[in-house]
Every structure is written in structure tokens, then in C-alpha cells.
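Chains, contacts and geometry: an overview
Below, each chain spelled out in residue letters.
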Amino acid sequence: MRSLRIVLGAVFGAGVLLMGVGAGIAFGEYSSMEYIGEVPLEGGELVTETLRFEWDADQDGSIAFFSGWVPPTLVEVREDPDMPKGELACDVTYNEAMLGFPCLDMEEMEGGPDRILTLDFRYYGGNEFELMMENKDRMLQDIKDRKLASYTTEEITGVVIRVSPSEREKLEVWDAWN
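Below is a summary of the structure that appears in this document.

Rules used in this analysis
Residues numbered from 1 in each chain as written. Predicted model: local features only at pLDDT ≥ 70, side-chain atom pairs only at ≥ 80, totals over all residues. Heavy atoms only, no water. Helix = DSSP H or I, 4+ residues; strand = E, 2+ residues; numbered from the N terminus. Rg over C-alpha atoms; globule rule 2.2 N^0.38 Å. Buried < 20%, exposed > 50% of the residue type's maximum accessible area, 1.4 Å probe, protein only. Contact = heavy atoms within 4.5 Å. Areas by Shrake-Rupley, 256 points an atom, 1.4 Å probe, with all protein chains shown as cover. Lys, Arg positive; Asp, Glu negative; His and termini not counted. Charge placed at Lys NZ, Arg CZ, Asp CG, Glu CD. Patch = residues over 30% accessible without salt bridge, like charges linked within 9 Å, V, L, I, M, F, W, Y side chains within 5 Å. Salt bridge = Lys/Arg side-chain N within 4 Å of Asp/Glu carboxyl O. Pairing = 2+ DSSP bridges. Axes fitted to C-alpha atoms, helices over the stretch in contact; angles between N-to-C directions. Core = buried A, V, L, I, M, F, W, Y, C linked by side-chain atoms within 4.5 Å.

1. Some remarks on the overall build of the protein
- Across its full length, the protein holds five helices and ten strands.
- Relative to its length of 178 residues, the protein is extended, with a C-alpha radius of gyration of 27 Å against a globular reference of 16 Å.
- Counting only C-alpha atoms, the protein reaches 95 × 40 × 30 Å along its principal axes.
- Looking at the 178 residues of the protein, the share that counts as buried comes to 31%.
- Restricting the contact set of the protein to residue pairs at least 6 apart, pairs at least 24 apart contribute 85%.
- Total accessible area on the protein is roughly 11500 Å²; 55% of this is exposed by carbon and sulfur atoms.
- For the protein, the distance from the average site of its 15 positive side-chain charges to the average site of its 35 negative ones is 12 Å.

As C-alpha cells, then:
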């Protein structure tokens, strides 16, 4: 019985030693890899769609543009003299395969801006596994080259809001990311 305990203790000690060696080798491998940052995966088509929205031009008050989908760095507001008063056009460039289709909605508010214009997507969820399988050779090659990356999908690449110069001062972009 005593020899069985010695054998089991030796097996346990060998297991702990091998785990330590394996962890050391893994740490050595990962510490020698280079992080190359965000890498967009290829797949899906980028399309640009123009959404138009109208409101009562005689109504005073401010309008806030809000979208939880879009970082404010991708939103650009342009004055367009061809746009009539009380109307705006929103040019959205997005990956149709990942997001579905965009829509605009305006709500009246009390306190803060008088109206909130919301850009939303009728999301039906893209097939990210399919996208990963299309790009697997690239990912594996990066690992072979000792590079690590954060792989991202390009969902929205830009939003341009065109509004008449007289309405520009009423429009502000809300930062939903902070």
C-alpha cells in the first residue's frame, strides 16, 4: 500500500512538473508573437444607400442625430444648398450582408434637443462563421508568421448627413459611444 502512495505521488509530481514545462513553453511562444492590431476580414459587399427624412420646416428647435451603431468619428454633416428646408438626406455606407437595411426615425423630446433623429438597422445577423471560414487561410498564415491580430468585420464605414445651410445650426451629432 505504501509503494502505491509513492507511485501516485510521483505521478502527481511528474504531472505538475510537465504542466509547468508546458506553461513555460506556451508563454515563450506567445511572448515571441507580434500584435499587428485590427485587421478587417474580407467578405460581403459595401453598399451606399440614401435615406431621406422630412419634418415641418416652420417648426423651431434643435435636432440630435443619434445612432448606437455608428461611432461619431464616422458621421459627417455637410451643408448642401440643393437640399430644401425641412429635409435631410443621410448617405449610409454599410455591409449589407452583416447588417440588413438602414432606416431613420424621428421622435419628439422634452428637455435637451426637441427632436431625436435615430439611425437604426433592421439587423438580421450576418453569418460570421462563413466569413471566418472564407478568411481562415489568412488567419492561419498570420499565426505561422508569428503575428496576432484582432479580426473585425466592416459593418458601417461612413454616414454623411446632408442638410440645407439654414438647417445646419439646428443639427447636432450625439456621441452614444461615451
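2. Things to note about a nonpolar patch on the surface
- On the surface, M1, L4 and L8 cluster together into a nonpolar patch covering about 360 Å² of accessible area.
- On the secondary structure map, L4 appears in helix α1 (residues 2-31).
- Judged by its relative accessible area of 47%, L4 is partly exposed.

3. A closer look at the environment of R5
- When you line up the elements, R5 lands in helix α1.
- When the C-alpha atoms of R5 and V70 are compared, they prove to be 63 Å apart, with 65 residues separating the residues in sequence.

4. What to know about the sheet that holds strand β5 (residues 87-95)
- Ordered in space as β2-β5-β9-β4, the four strands form an open sheet in which the pairing is mixed. Lying at the two open borders of the sheet, with one neighbouring strand each, are β2 (46-54) and β4 (75-79). Put simply, the sheet's adjacent strands are angled 20° from each other on average, direction ignored.
- Pairing of β5 with strand β9 (residues 156-163) involves seven bridges; the strand directions are antiparallel. Note on β9: the bridge partner recorded for V92 is V159.

5. Quick word on a negative patch on the surface
- A cluster of acidic residues, D56, D58, D60, E108 and D114, forms a negative patch at the surface.
- Mapping D114 onto the fold places it in the loop between β6 (101-108) and β7 (115-122).
- Among the residues examined, D114 registers a relative accessible area of 32% and is labelled partly exposed.

6. Structural notes on the nonpolar core
- One finds F65, L88, C90, L119 and V159 to be the most contacted residues of the largest nonpolar core, which totals 22 residues.
- Within the residue set of this core, elements represented by two or more residues are β2, β3 (63-66), β5, β6, β7 and β9.
- Filtering out sequence-adjacent residues up to four positions away, L88 remains in contact with L51, R52, F53, W55, M83, L104, L117, I161, R162 and V163.

7. A closer look at the pattern of salt bridges
- Under the defined criterion, the tally for this structure stands at seven salt bridges.
- E87 is the partner of R52 in a salt bridge, and the nearest nitrogen-oxygen pair spans 3.2 Å. Separated by 35 residues along the polypeptide, R52 in strand β2 and E87 in strand β5 bring together distant segments of the chain.
- For E87, a relative accessible area of 12% translates into the label buried.
- In this structure, R162 and D80 form a salt bridge, with 3.2 Å as the shortest nitrogen-oxygen distance. In this pair, R162 sits in strand β9 while D80 sits in the loop between β4 and β5, placing the two residues 82 residues apart along the sequence. Judged on exposure class, the residue R162 and its partner D80 are both buried.
- One network of salt bridges, in which partners are shared, links D80, D91 and R162.

8. Looking at unusual backbone geometry
- Of note in the backbone geometry, R146 takes a positive phi value of approximately 65° without being a glycine.
- Checked against the element boundaries, R146 lands in the loop between α4 (136-144) and β8 (147-153).

Functional significance is not addressed by these values, which are geometric in nature.
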